[in-house]
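Residue-level listing of the chains:
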Amino acid sequence: MIRKETKPESLAEFATDESGIVQARDVEAVCFPESEQEICELFAEANETSTLVTTSGAGTGLNGGRVAIHGGLVLATQELRAPQPRELPAIEAEQFGKQYVIYLDQERLEAHVPAGVSTELLDQMLPEGLLYPPDPTEKSGFIGANIACNASGSRTFHYGASRHWVLGLRVVLPTGDIIDISRGDCTADSELRFASQSGREYAIPLPSYQMPAGKNAAGLYARPGMDLVDLFVGSEGILGVISEVRLKLTERPDNILGEIAFFPSEAEALGFIDDLRTAAAGAMTVLSIEYFDSNSLGFMEHEVLAGKDYGAAVYTEVVGTLDELDPLIAALDANNYAADWFAEGGEEAAEQKGFRHSLPDEVHSYLRRHNSQAWTTDFAVPAEKFPEMLQAYHAAGVALREKFPREGKHYLVFGHIGDYHLHVEFIAHTEDELRLARQLYADLARQAIAWGGTVSAEHGVGKKTLTVNGRTIPYLELMYGKQAVMEIARAKQVLDPNLILNVGNMVPKQYLQEMAAN
Ligand SMILES: Cc1cc2nc3c(=O)[nH]c(=O)nc-3n(C[C@H](O)[C@H](O)[C@H](O)COP(=O)(O)OP(=O)(O)OC[C@H]3O[C@@H](n4cnc5c(N)ncnc54)[C@H](O)[C@@H]3O)c2cc1C
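Residues numbered from 1 in each chain as written. Predicted model: local features only at pLDDT ≥ 70, side-chain atom pairs only at ≥ 80, totals over all residues. Heavy atoms only, no water.

Caption draft 1: Quick look at the site of the ligand. Around the ligand sit 34 residues, and of these Thr55, Gly57, Ala58, Thr60 and Ser152 come closest. Gly59 places a polar main-chain atom, nitrogen or oxygen, 2.8 Å from an oxygen atom of the ligand. In this structure, Gly65 approaches the ligand through a main-chain N or O atom, which is 3.4 Å from an oxygen atom. For the ligand, the accessible surface in isolation is 990 Å², of which the surrounding protein chains cover 96%. Broken down by element, the shell around the ligand gets its largest block of residues, three residues, from helix α4 (residues 143–148). When the residues that make up the shell around the ligand are grouped by side-chain class, the tally is twelve nonpolar, 17 polar and five charged. (Near = heavy atom within 4 Å. Polar contact = N/O pair within 3.5 Å; in protein donor to acceptor, adjacent residues only side chain to side chain. Areas by Shrake-Rupley, 256 points an atom, 1.4 Å probe, with all protein chains shown as cover. Helix = DSSP H or I, 4+ residues; strand = E, 2+ residues; numbered from the N terminus. Nonpolar A, V, L, I, M, F, W, Y, C, P; charged D, E, K, R; others polar.)

Caption draft 2: Structural detail: the sheet that holds strand β10 (residues 178–182). With respect to topology, six strands assemble into an open sheet ordered β5-β6-β7-β13-β9-β10, the strand pairing being antiparallel. Edge positions in the sheet fall to β5 (90–95) and β10, since each of these pairs with one other strand and no more. Pairs of neighbouring strands in the sheet enclose a mean axial angle of 20 degrees, with direction left out of account. Judged from the six bridges that link them, β5 and strand β6 (residues 98–105) form a sheet pairing that is antiparallel. Paired with Glu92 across the bridge in β6 is Val101. Relative to strand β9 (residues 166–172), helix α2 (residues 36–49) is tilted by about 45 degrees, and along the sheet it contacts β9, β10 and β13 (241–248). (Pairing = 2+ DSSP bridges. Axes fitted to C-alpha atoms, helices over the stretch in contact; angles between N-to-C directions. Contact = heavy atoms within 4.5 Å.)

Caption draft 3: Expanded view of the pattern of salt bridges. Applying the stated criterion across every chain yields a total of 31 salt bridges. With its nearest N and O atoms 3.6 Å apart, the salt bridge here joins Glu45 to Lys4. Separated by 41 residues along the polypeptide, Glu45 in helix α2 and Lys4 in strand β1 (residues 3–5) bring together distant segments of the chain. Taking the shortest distance from any N to any O, the salt bridge between Asp419 and Lys215 comes out at 3.4 Å. Within this pair, whereas Asp419 is found in the loop between β20 (411–416) and β21 (421–428), its partner Lys215 is found in the loop between β12 (201–205) and α6 (228–232), the two being separated by 204 residues in sequence. Each member of the pair Asp419 and Lys215 is classed as buried. Where salt bridges share partners, they join Arg3, Glu5, Lys7, Glu79 and Lys98 into one cluster. (Salt bridge = Lys/Arg side-chain N within 4 Å of Asp/Glu carboxyl O. Buried < 20%, exposed > 50% of the residue type's maximum accessible area, 1.4 Å probe, protein only.)

Caption draft 4: Spotlight on the packing of helix α7 (residues 266–281) against helix α9 (residues 326–334). Their axes nearest at 9 Å, the elements α7 and α9 cross at an angle of 160 degrees. Regarding the angle of α7 to α9, the classification is roughly antiparallel. The two elements α7 and α9 cross, and the hand of that crossing is right-handed. Here Phe272, Asp275, Leu276 and Ala279 of α7 lie close against α9, whose contacting residues are Pro327, Leu328, Ala331, Leu332 and Ala334. When grouped by side-chain class, the residues that make up the contact of α7 with α9 number eight nonpolar, no polar and one charged. (Parallel < 35°, antiparallel > 145°, perpendicular 65-115°, else oblique. Left-handed = near helix turned anticlockwise from the far one by under 90°.)

Caption draft 5: Up close: a negative patch on the surface. Taken together, Glu18, Glu120, Glu138 and Asp361 make up a surface patch of like negative charges. Positionally, Asp361 belongs in helix α10 (residues 346–369). Taking the relative accessible area as the measure of exposure, Asp361 reaches 51% and is therefore exposed. (Patch = residues over 30% accessible without salt bridge, like charges linked within 9 Å, V, L, I, M, F, W, Y side chains within 5 Å. Lys, Arg positive; Asp, Glu negative; His and termini not counted. Charge placed at Lys NZ, Arg CZ, Asp CG, Glu CD.)

Caption draft 6: Structural context of the side chain of Arg86. With respect to the helices and strands, Arg86 occurs in the loop between β4 (72–76) and β5. A distance of 3.4 Å separates polar atoms of two side chains, one belonging to Arg86 and the other to His112.

Next comes the structure, spelled out in structure tokens:
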């Protein structure tokens, strides 16, 4: 029988996610299914009693996606086990005091992984020479959630987002049907037609909007000829519960070299990045290009920064030997670098990763100390619009600072510059500052869209809303219009006729009710 927790302290653990933007209300219980069968039973009961169900991973999401704002049941995925033993070598490990098993097909470079395994644990479970390349900064997130959000990370520059590494999925649909799908099984014409294991047939109409060409995690994937697997990757849990993923692996490069270069100014750092791109287009394998503006460096603590006042820094990982670094050295020299920190793998490389990953932690602890709030963008734009977008980011941050002069930082700009995807984090010490930050954010979102970009390149849209001209609308409406949001709602309804699962993600409840009423 499925384990259910109703104690206030258990419910409190699932009351929000890392973003804190929304809070759960009227949750009846948190359920911990261990098998697909238990999820099916939960859905049967929920459909019968019209109870909403919200799926949760580790809660590191940044859009309120796992938060049950309309009440009902929370379906926690951390205890889900592999659906069936496979005739493949099993690797076991412990997480939350429980044993987890993944199955490995070393010849085909494939792993079958239950949804509740964290990316950190997966990395530890894989044999040393193998790599699951998507590299989100937050390692405690679960693989099921990573796929549900099409997570990406610094190495997406070279390896692509999670989507590229998903070969197949097992999904429990809200109808209680199970599907086991592989790439190539089902591709779309105007619909995606497929049957579940029980033989029930489904036909999902494809949404008609055109997705941005670049990095994107906003809305259901929709493209002519698309694969059914891609519909579920990045679907933010509105179509079903991913119970197991079949991942493609690659051989782990054994000579990843890390370089963090510090520059007197942003312009010089941008010149270095341009040269790195040219090197990457040539013979050099560049895995990542990450950026820190001077405000970001102001939050970070490390001996390399002690007593220094750099204008910007760039972190890059390249694959090669010391003899193959000429393009990197030439790029440094050509752009007047002030200092650098080079790592030839091992502990030093891990320390550099720690340095990169320490930024969000440092900012969060600053926010807690100052009892202040942050409002962070996740926009990406096409390459040709990136210089203007970066200017717009700084102009917005400066506008906040000039309107509310005070001690401390008002904003920072950092992240995945290799993919033209920087995060601007506005820091608000008061409600008035927050109001302006949100307005500046909405203006930037419109600008990113107007330039062919996305409102979410990696975090997904979840339950995020924007206030535009006094109207509060879901993120996707700003990007694609309301008709597109309703198309997503109709696709959802095919798999979730009673509209019980992950209500509020991508499509607000009110829109689902509008659709149901017509
Ligand atoms: C410091 C920090 C850094 C981060 N860096 C990155 C980054 O570099 N790249 C990035 O992409 N994200 C990043 N994130 C965001 C977050 O870690 C990812 O979105 C991650 O995928 C969420 O995983 P989770 O297990 O915590 O999911 P949760 O927050 O619990 O849930 C996320 C969403 O997935 C759905 N979901 C969960 N499990 C399933 C399932 N089995 N089936 C269907 N739907 C499911 C939930 O309903 C919810 O909508 C960062 C977050 C933090 C706090």
